[in-house]
Amino acid sequence: MRDLLCTAAALFALSGPSYAQSIDVGQLGSAEAYEPGTLTPADGALGNNLWASTPADVAEELILDLPQNFQNPIARELTRRALLSPGVPPMQDGDGSFSGNRLGAIIKLSELSAAQDIAQRSPGLASSQELRADLALLSGDISSACTQSDSILEKRAEIYWMKLRAFCHVERGETAAAELTLDLIRSSGDNDKGYTALMRSLTGVPGRPDVRAVNGSPLSIAMMASADIPWPAGQQPPASAAQTAFNAVKNNDERFKALLVAAPAMSDGQIRQILDSLGAPESGLASDLAGGVMETQAPITLETAMSDKGGAGFAQLYHLSRSGSQEEQLPALIELLSRADKANQFARFAKLVEPQLQGIYYPDLTAGQIPMIAKTAALRGDIIALQQLHGLMDDNTAHQDRIALAADAIGNGFFGGALGTDIETRLREKNSRALRDALIAYGLGANLSDTAAHKIFSQRNNLGRLSGKGLLLQSAARRRAQAETALRAALMLESGALSDLDMFLIIDSLYNAGLNEQAGKLAALDFLEPLSGQ
């Protein structure tokens, strides 16, 4: 808890450029005729009828199934668009629970500023005491959360409030009251092993607590920080990771690992601020945090940055990519992107370095650097960049063809046309990658010749089987239920390795539901995947 307070402002700026100064969900703006959101059409908002034909119970089930941390950047983008777009709520929302579940998912996504904004404009949520407490916990304001808990009268016996109350008693040193509340929790039949483990640790029970069962709720995030217990690998929620990344008391390795978890929910300015501070202690750098620019007290070289595989080296690479010598900028940028790729955060850091990417003189690229830059172009939908990269690869037809496929995917170049000579030729050679390419192109609107269709459906090696999830996704797309399609696609993308048929169904469904941009990006990245490591 002691470490949380120093990062309260930073947490509420996760999804926006300015810091939030207080937690206030009690003041209502004008009532909205539909669910409020924070995205506009210019930001990628879905249409006002994004939940058309989707029952509320189906929407809520999908929302509750969403993961805490996303592995696929397109899955996170789809989820964000579905959750943050304003519009008419799902059908048959009898108990009005959709709004609360949606807001909970937005908080889980660590879009905290968006959650506060939406809550302020939602009559059913603005007065929610539980929401007030959750936002206070996530901001590090444990005192306000406990004050909210103290004010509860009618709902004191609800498990949420009993758990928060027991934690508050521990924080205040009220041992007897904490034990009494814990007895009430146990007698209620609650079997939250993660909460029990944390309370045992906080009350001084000897031994290392088993926190593998700890969930990512706002209360558990506050309790983990108060107990100063590290999260199990892969389980730290982005909101908790942001607290660690901003905490200057933590060591650099801990902060850097946390940054890699929290980065998708942070603004560019916040990431730059952390990278500035990570580079300072070990490299002799001083940060001009007001201007967001690092000033060197000791020289940084590409050699020293390359040799440091931790947070300081990563920060130095970023600095060199922005303001190093002409000879240093490009190799530093490529190395930074390579490290981000290995940490499964390529998309977020590719967005961070967009200004540097736009300054690249493409003829300076080596053949080994082109695949990495092509991937960044696909992520931002830059057809011109892909065309330029294509022209640099005259001596490598196979790589040229893959970049051409990516450009066609981004630019809607398959709609109404043939698969393409390259794919047709490789299909005749029983090339397994050609099967996947053909299905993706077909999903983007390409026409299948009889020969191609026969080849596709006679090659069973990785075609896969039509799953129930795939059928439900297809059904949502046919109904033009954009939000449902986006969430079903996101959940499939996060489920692990996808068969060729799965990838076809996802891209085809996104395309048919009008989510062409995400369909094109997903296809382009898949087309470029064989270039990795070559």
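Per chain, residues are indexed from 1 in the order of the written sequence. Where local features are concerned, this predicted model is filtered to residues with pLDDT of at least 70; where side-chain atom pairs are given and counted, the filter is 80 or more; whole-chain, interface and lining totals use all residues. To obtain the side-chain values, all non-hydrogen atoms of the structure were included, while hydrogens and water were left out.

A look at the overall build of the protein chain
- Each helix corresponds to a stretch of at least 4 residues labelled H or I by DSSP, and each strand to a stretch of at least 2 residues labelled E; elements are numbered beginning at the N terminus. Looking only at helices and strands, the protein chain features 29 helices and two strands.
- For the protein chain, the residues scored as buried account for 53% of the 534 residues in total.
- Working rule for contacts: check all heavy atoms of both residues, and any pair within 4.5 Å makes them a contact. A fraction of 65% describes how many contacts in the protein chain between residues 6 or more apart in sequence connect residues 24 or more apart.
- Residue exposure ignores everything except the shown protein chains as possible cover, and the areas themselves are Shrake-Rupley values with a 1.4 Å probe. Of the roughly 23,200 Å² of accessible surface on the protein chain, a fraction of 50% belongs to carbon and sulfur atoms. For every residue, the accessible area obtained with a 1.4 Å probe (protein chains only) is divided by the maximum for its type, and the residue is called buried under 20%, exposed over 50%, and partly exposed between those limits.

As for the confidence of the model for the protein chain
- Every residue is assigned a pLDDT by the predictor, reflecting its confidence on a scale from 0 to 100. Counting all residues, the mean pLDDT for the protein chain is 86, and 88% of those residues have values of 70 or more.
- Counting contacts from residues 1–13, a segment whose pLDDT is below 50, to residues more than four positions away or on other chains yields 44 contacts.
- Under a pLDDT of 50 for its full length, residues 15–33 has, in the predicted model, 42 contacts with residues more than four places off or in other chains.

Re helix α17 (residues 326–342)
- What a helix should span is 1.5 Å times the count of its residues minus one. For α17, built from 17 residues, the straight-helix expectation of 24 Å at 1.5 Å per residue is met to within 8% by its first-to-last C-alpha distance of 26 Å.
- Along α17, the residues that are buried comprise E328, L330, A332, L333, I334, E335, L336, L337, S338, R339 and A340.
- Against the buried residues of α17 lie α15 (302–307), α16 (311–323), α18 (346–352), α19 (354–358) and α20 (370–379).
- Positive backbone phi, at 60°, marks N344, one or two positions downstream of α17.

Things to note about unusual backbone geometry
- At S53, a residue that is not glycine, the phi angle is positive and equals roughly 70°.
- Following the sequence through the fold, S53 ends up in the loop between α1 (8–11) and α2 (56–65).
- Given the relative accessible area of 27%, S53 is considered partly exposed.
- Here N412, not a glycine, exhibits a phi torsion of approximately 60°, which is positive.

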